[in-house]
Amino acid sequence: MTYCVAIDLDEGLVFASDSRTNAGVDQVSTYSKMHTFEVEGQRLFVVLAAGNLATTQAVVHRLQREMEEAGSEGAAETSLATVNHMSQAAEYLGRINREEQEKHSEALSKSGMKGDATLIIGGQIAGEDPAIYLVYPQGNYITTSQKTRFLQIGESKYGKPILDRIIDAGTSLGDAARCALVSIDSTIRSNLTVGPPIEVLVYERDTLEMDHYLCLEADDEYLRSLTHAWDENVKKAFTDLPRFDWEHRHGRKDRGTRVSRRARRKS
């Protein structure tokens, strides 16, 4: 299992993913789930992957190969180097994903395994707005809306509450990146199949450059300070929650009882 999140903001895009691949309790490995594709000054894409590792690797390799071969003799008609809109990139990725799954579906099904992969693609093509899309194993896809500014794949339920409370279109890139890290940290605490290193990529709108990238190990000083601060502030927020009426009444009664007992002991 894995957990990846992409956030669409007025200022740009934020991507975050864990790096753990689990094929059983004794087969835990580390693989990046974040992949970047770029034509300098013209377009860039980030792909986050969850699901069957062999399928996702085949999809990523094919995306890279067809992008590099674009324009040469015998090259594929469509690639990330030739699409004109982000929606076309999502449609192209969906087709590649479906084709790679179908290559091994029969053999996998006989072994009781699935070759499904779910992906997120985001980025910007010059002259177009930045965007993110979630691409399903069947090849269809969805994008964000004004009310839903983020997309998740993998083990998403534990990290969703903080995103729901914090993220909107006007959230700053820095706040969104911190929110994504807290979202992944919350998931790691509740699910052993998600784990570091944690990758974070922040893209500033219209720059067409990937300047802000972090790969945080479990012992990274910033990650430790962030999670510690979050833990302490959550505990403080909890202790500061309003009390029930009966707690106040019991508190007054308990104080009176203690006074009476002390008076009886003195006498």
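Residues numbered from 1 in each chain as written. Predicted model: local features only at pLDDT ≥ 70, side-chain atom pairs only at ≥ 80, totals over all residues. Heavy atoms only, no water.

Student: What should I look at first to understand helix 2 (residues 86-110) in this one?
Tutor: One turn of an α-helix holds 3.6 residues; hence residues three or four places apart share an orientation. The end-to-end C-alpha separation of helix 2 is 36 Å, in line with the 36 Å expected for 25 residues at 1.5 Å each. Those residues of helix 2 that sit buried are Met86, Ala89, Ala90, Tyr92, Leu93, Gly94, Ile96, Asn97, Glu100, Gln101 and Leu108. The inward-facing, buried residues of helix 2 contact strand 6 (43-51), helix 1 (53-69), strand 7 (117-125), strand 8 (131-135) and strand 9 (141-143). In the segment just after helix 2, Gly112 is the residue with positive phi, at about 75°. (Helix = DSSP H or I, 4+ residues; strand = E, 2+ residues; numbered from the N terminus. Expected span 1.5 Å × (residues − 1). Buried < 20%, exposed > 50% of the residue type's maximum accessible area, 1.4 Å probe, protein only. Contact = heavy atoms within 4.5 Å.)

Student: What am I meant to see in the sheet that holds strand 6 here?
Tutor: The pairing of strands in a sheet happens through backbone hydrogen bonds and is either parallel or antiparallel. Ordered in space as 5-6-7-8-9, the 5 strands form an open sheet in which the pairing is antiparallel. Sheet topology places strand 5 (34-39) and strand 9 at the edges, where each strand pairs with a single neighbour. Here the strands of the sheet are splayed against their neighbours by 20° on average, with no regard to which way each runs. Direction of pairing for strand 5 relative to strand 6: antiparallel, over a ladder of 6 bridges. Note on strand 6: the bridge partner recorded for Thr36 is Val46. Against the sheet, helix 1 makes contact with strand 5, strand 6 and strand 7, and its axis sits at roughly 10° relative to strand 5, the strand it touches most. Across the sheet, helix 2 lies against strand 6, strand 7, strand 8 and strand 9, angled at about 155° from strand 7, the strand it touches most. (Pairing = 2+ DSSP bridges. Axes fitted to C-alpha atoms, helices over the stretch in contact; angles between N-to-C directions.)

Student: I'm lost on the sheet that holds strand 10 (residues 150-154) in this one. Help?
Tutor: The sheet built from 5 strands is open, its strands ordered 10-1-2-11-12 with antiparallel pairing. Each having just a single partner strand, strand 10 and strand 12 (212-216) make up the two edges of the open sheet. Here the average twist between neighbouring strands, direction ignored, is 10°. Both strand 2 (residues 12-17) and strand 11 (residues 198-204) contribute to a ladder of 6 bridges, which runs antiparallel. Residue Ala16 lies in a different strand from strand 11, and its bridge partner there is Val200.

Student: Sorry, what's going on with the confidence of the model for the protein chain here?
Tutor: Detailed conclusions should not be drawn from predicted coordinates in areas where pLDDT is low. Of the residues in the protein chain, 90% reach a pLDDT of 70 or more, and the chain-wide mean stands at 89. Within the protein chain, strand 8 carries the highest mean pLDDT (98), whereas helix 6 (residues 245-266) carries the lowest (61). (pLDDT = per-residue confidence, 0-100.)

Student: I would appreciate a short explanation of the pairing of strand 11 in the present structure.
Tutor: The two faces of the sheet receive side chains in turn, since in a regular strand these alternate between them. The buried fraction of strand 11 amounts to 6 of the 7 residues, a majority that puts the element mostly inside the structure. The pairing of strand 11 with strand 12 spans 5 bridges and is classified as antiparallel. Among the inter-strand pairings, Val202 is bridged to a residue of strand 12, identified as His212.

Student: What is the right way to read the pattern of salt bridges from this model?
Tutor: Between side chains of opposite charge, pairing is possible as soon as their charged atoms come close. Evaluation of the coordinates by the stated rule reveals 15 salt bridges. The salt bridge involving Arg205 is made with Asp129; its shortest N-O contact spans 2.7 Å. Pair noted here: Arg205 is in the loop between strand 11 and strand 12 and Asp129 is in the loop between strand 7 and strand 8, with a separation of 76 residues, a long-range link. Classification of Arg205 by relative accessible area gives partly exposed; the value is 33%. Using a relative accessible area of 51% as the deciding quantity, one classes Asp129 as exposed. Notably, a salt bridge pairs Asp175 with Arg178, separated by 2.8 Å at the nearest N-O pair. Residue Asp175 and its partner Arg178 are located together in helix 4 (residues 173-190), separated by 3 residues, close to a single helical turn. (Salt bridge = Lys/Arg side-chain N within 4 Å of Asp/Glu carboxyl O.)

Student: Explain the nonpolar core to me, please; I cannot follow it from the model alone.
Tutor: Burial of nonpolar side chains together is a common tendency in soluble globular proteins. Judged by nonpolar contacts, the single largest core of 25 residues is most densely connected at Val5, Ile7, Val14, Leu163 and Ile167. Among the secondary structure elements, those contributing two or more residues to this core are strand 1 (3-8), strand 2, helix 3 (160-166), helix 4, strand 11 and helix 5 (221-239). When residues of this core are assigned to their parent elements, the largest contribution, 8 residues, is made by helix 4. The residues contacting Val5, other than those within four sequence positions of it, are Val14, Phe15, Ala16, Leu48, Phe150, Leu151, Gln152, Leu163 and Ala180. In terms of nonpolar packing, the next biggest core, distinct from the first, is built from 22 residues, Phe37, Leu93, Ile121 and Ala131 among them. (Core = buried A, V, L, I, M, F, W, Y, C linked by side-chain atoms within 4.5 Å.)

Student: Looking at this structure, I do not really get helix 4. What am I missing?
Tutor: Taking 1.5 Å per residue as the helical rise, helix 4 with its 18 residues ought to reach 26 Å, and the 26 Å between its terminal C-alpha atoms agrees with that figure. Listed as buried for helix 4 are Leu173, Ala176, Ala177, Cys179, Ala180, Leu181, Val182, Ser183, Ile184, Asp185, Ser186 and Thr187. Where helix 4 is buried, its residues meet strand 1, strand 2, helix 3, strand 11, strand 12 and helix 5.

Student: What am I meant to see in the environment of Ile162 here?
Tutor: With respect to the helices and strands, the residue Ile162 is situated in helix 3. Residue Ile162 is classed as buried on the basis of its relative accessible area, which comes to 13%. Sequence-distant contacts of Ile162, defined by excluding residues within four places in its chain, comprise Cys179, Val182, Ser183 and Trp230.

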